[in-house]
Amino acid sequence: MRHTSLLSNRPADEPVSHCIFYPGSKEVLTELPGFPQPLMHPATPTFRVATFPGKGMGLVSTRALKMGDLILTERPLIAAPQAMPIYRPKNCTDQEHLQRGLAELERHLMIALQRMRPASTAAYLALANSCKKEGLIVGIFLTNGLELAGLWPGVQGVGGNYSAVCKDISRLNHSCSPNTSTSFDLASLSYRLYAVRDIVAGEELTYQYTNVEVPASERRQVLKGYDFVCACAACKDAPASDVRRYHPSFRRSPLPRAHRNIVFRRRSCRQMPRTHCADRGGGFGTHHIARQSHSGVDVRAHLPLRCQRSE
Ligand SMILES: C[S@@+](CC[C@H](N)C(=O)[O-])C[C@H]1O[C@@H](n2cnc3c(N)ncnc32)[C@H](O)[C@@H]1O
């Protein structure tokens, strides 16, 4: 593993990302023409951090937004592999292998936090940890990680082999009918958060942590890993909502053509301990990475807007 502070040679007010990379990933970025491109921000502020009863902190819109509007652009504080490549002795159980992987991840994250700018370290440590069984540092990483694909040399498409934590985007709370989605721009090393429907001023900005096309009971299982029970309208009226979610109109996108490259991404790594290592055999992380390859999908097939309006 290589630790790299990307763009640390920039002015002090420019965001720096601390990256824990496999060999070759940094070169994927530095060989991009014009890397690093400047960050593209919205013309006027769009959000603030607020507290939501029963959810902790989250983001709220400070002005009306139109579907497709850019809400914010952000470089991650830290990016690291979703699964650490560690040796697995013959008699090692899944659980032991998982714990060793997490301990190794924690060790690398500690190094990262020590090397980061103090303000970035403080911002990371201020994030939520819903994964209390693990150490604080790794717990924050598992709670707040977003998928970061496209940096694994030789892997095309949305491999999702890295996970990244951001100061603001990681504050988004979950909804099964989310009003935002992200894309990741490699050339500027930044996430872009977009509105996927019209949003009124003062509305909470929400994001999907899991596949929202599956029935509520399946979503509930995944969300258990984040230590909350979703109380959105779709979950409250699950039988009716499940029926609507199977309807073909659920998959039809009303996004204008210009915005159809927006990609829905889910939270990246929270399922890693529970679904892979607890439920399946095999090498640490393999199944998880396979799952993530389904998570960056064309928004055309996934915008649940018609249903959102009726839910
Ligand atoms: C990535 S953090 C989101 C920001 C977090 N609320 C905070 O205070 O920083 C994920 C955690 O937020 C909380 N959360 C997210 N969405 C929620 C929801 N719809 N209902 C209740 N809690 C939620 C859960 O504790 C979850 O583990």
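That block above? That's the structure.
Given the structure is predicted, the values throughout are model-derived calculations rather than measurements.

Q: Looking at this model, I keep getting lost on the site of the ligand. Mind explaining?
A: Not every one of the 17 residues close to the ligand is listed here, only the nearest: Lys 55, Met 57, Ser 130, Arg 171 and Tyr 226. Here Ser 130 contributes a side-chain N or O atom positioned 2.5 Å from an oxygen atom of the ligand. Contact between the ligand and His 174: a nitrogen atom at 2.9 Å from a main-chain N or O atom of the residue. In isolation the ligand has 570 Å² of accessible area, and contact with the protein removes 90% of it. Looking at side-chain class alone, the shell around the ligand contains six nonpolar, eight polar and three charged residues.

Q: Would you take a moment to explain the nonpolar core for this structure?
A: If you look at soluble globular proteins, the nonpolar side chains tend to sit buried side by side. The biggest cluster of nonpolar side chains holds 37 residues, and the ones touching the most others in it are Ile 71, Leu 148, Ile 169 and Tyr 191. Of all the elements in the fold, those that place two or more residues in this core are strand E2 (17-21), strand E5 (70-74), strand E7 (146-148), strand E8 (162-165), strand E11 (190-195), strand E12 (204-207) and helix H6 (233-236). Those residues within four positions of Ile 71 in sequence are excluded, and the remaining contacts are Pro 42, Thr 46, Phe 47, Leu 65, Thr 180, Leu 193, Tyr 194, Ala 195, Ile 199 and Leu 205. Counting residues in hydrophobic clusters, the runner-up holds 22 residues, among them Ala 80, Leu 102, Leu 113 and Val 138.

Q: Got a minute to help me understand the sheet that holds E2 in this structure?
A: Note on sheets: strands pair through backbone hydrogen bonds, and any given pair is parallel or antiparallel. Strands sit in the order E1-E2-E6-E8-E7 across an open sheet of five strands; the sheet is mixed. Looking at strand neighbours, the two that pair on one side only are strand E1 (2-6) and E7, the edges of this open sheet. If you compare each strand with its neighbour and ignore which way they point, the axes differ by 25 degrees on average. Pairing between E2 and strand E6 (residues 78-81): two bridges, direction parallel. In the strand pairing of E6, Cys 19 is matched with Ala 79.

Q: Quick question: what am I supposed to make of the pattern of salt bridges here?
A: Two side chains bearing opposite charge may form a pair once their charged atoms approach each other closely. Across all of its chains, the model carries seven salt bridges by this definition. Asp 198 is the salt-bridge partner of Lys 66, the closest N and O atoms lying 3.7 Å from each other. Highlighted residues: Lys 66 in the loop between strand E4 (56-61) and E5 and Asp 198 in the loop between E11 and E12, separated in sequence by 132 residues.

Q: It is not clear to me how the sheet that holds E11 should be interpreted in this structure. Could you clarify?
A: Taken together, the three strands give an open sheet; going across it, the order is E5-E11-E10, and neighbouring strands pair in antiparallel fashion. The open sheet has two free edges, formed respectively by E5 and strand E10 (180-185), since each of these has just one partner strand. Averaged over neighbouring strand pairs, the angle between their axes works out to 20 degrees when direction is ignored. In this structure, E10 lies alongside E11, joined through six bridges in antiparallel fashion. Considered in E11, the bridge of Phe 184 is made with Tyr 191.

Q: What should I look at first to understand the pairing of E4 in this one?
A: The side chains of a regular strand alternate, first on one face of the sheet and then on the other. Note that strand E3 (residues 47-52) and E4 share six bridges and pair antiparallel. In the strand pairing of E4, Ala 50 is matched with Gly 58. Count of turn residues in the E3/E4 antiparallel hairpin: three residues, of which Gly 54 carries a positive phi of about 80 degrees. Relative to E12, E4 is paired through two bridges, and the arrangement is antiparallel. Following the sheet pairing, Leu 59 is matched in E12 by Leu 205.

Q: Explain the side chain of Ser 190 here, please?
A: The residue Ser 190 is located in strand E11 in this model. Once residues lying within four places of it in the same chain are set aside, the contact partners of Ser 190 are Leu 39, Thr 73, Glu 74, Arg 75, Ser 183, Phe 184 and Asp 185.

Q: What am I meant to see in unusual backbone geometry here?
A: One can expect most non-glycine residues to show negative phi and most peptide bonds to be in trans. Across the junction of Phe 35 and Pro 36, the peptide omega takes the value 0 degrees, indicating a cis bond. Secondary-structure assignment places Pro 36 in the loop between helix H1 (25-30) and E3. Even without glycine at this site, Leu 189 takes up a positive phi of about 50 degrees. Along the chain, Leu 189 turns up in the loop between E10 and E11. On the accessibility criterion, Leu 189 (2% relative accessible area) is buried. The backbone phi angle of Asp 227 is positive, close to 65 degrees, even though this residue is not glycine. What makes Asp 227 exposed here is its relative accessible area of 58%.

About the thresholds
- Residues numbered from 1 in each chain as written.
- Predicted model: local features only at pLDDT ≥ 70, side-chain atom pairs only at ≥ 80, totals over all residues.
- Heavy atoms only, no water.
- Near = heavy atom within 4 Å.
- Polar contact = N/O pair within 3.5 Å; in protein donor to acceptor, adjacent residues only side chain to side chain.
- Areas by Shrake-Rupley, 256 points an atom, 1.4 Å probe, with all protein chains shown as cover.
- Nonpolar A, V, L, I, M, F, W, Y, C, P; charged D, E, K, R; others polar.
- Core = buried A, V, L, I, M, F, W, Y, C linked by side-chain atoms within 4.5 Å.
- Buried < 20%, exposed > 50% of the residue type's maximum accessible area, 1.4 Å probe, protein only.
- Helix = DSSP H or I, 4+ residues; strand = E, 2+ residues; numbered from the N terminus.
- Contact = heavy atoms within 4.5 Å.
- Pairing = 2+ DSSP bridges.
- Axes fitted to C-alpha atoms, helices over the stretch in contact; angles between N-to-C directions.
- Salt bridge = Lys/Arg side-chain N within 4 Å of Asp/Glu carboxyl O.

So far we have only geometry, and geometry alone does not tell us how the molecule works.
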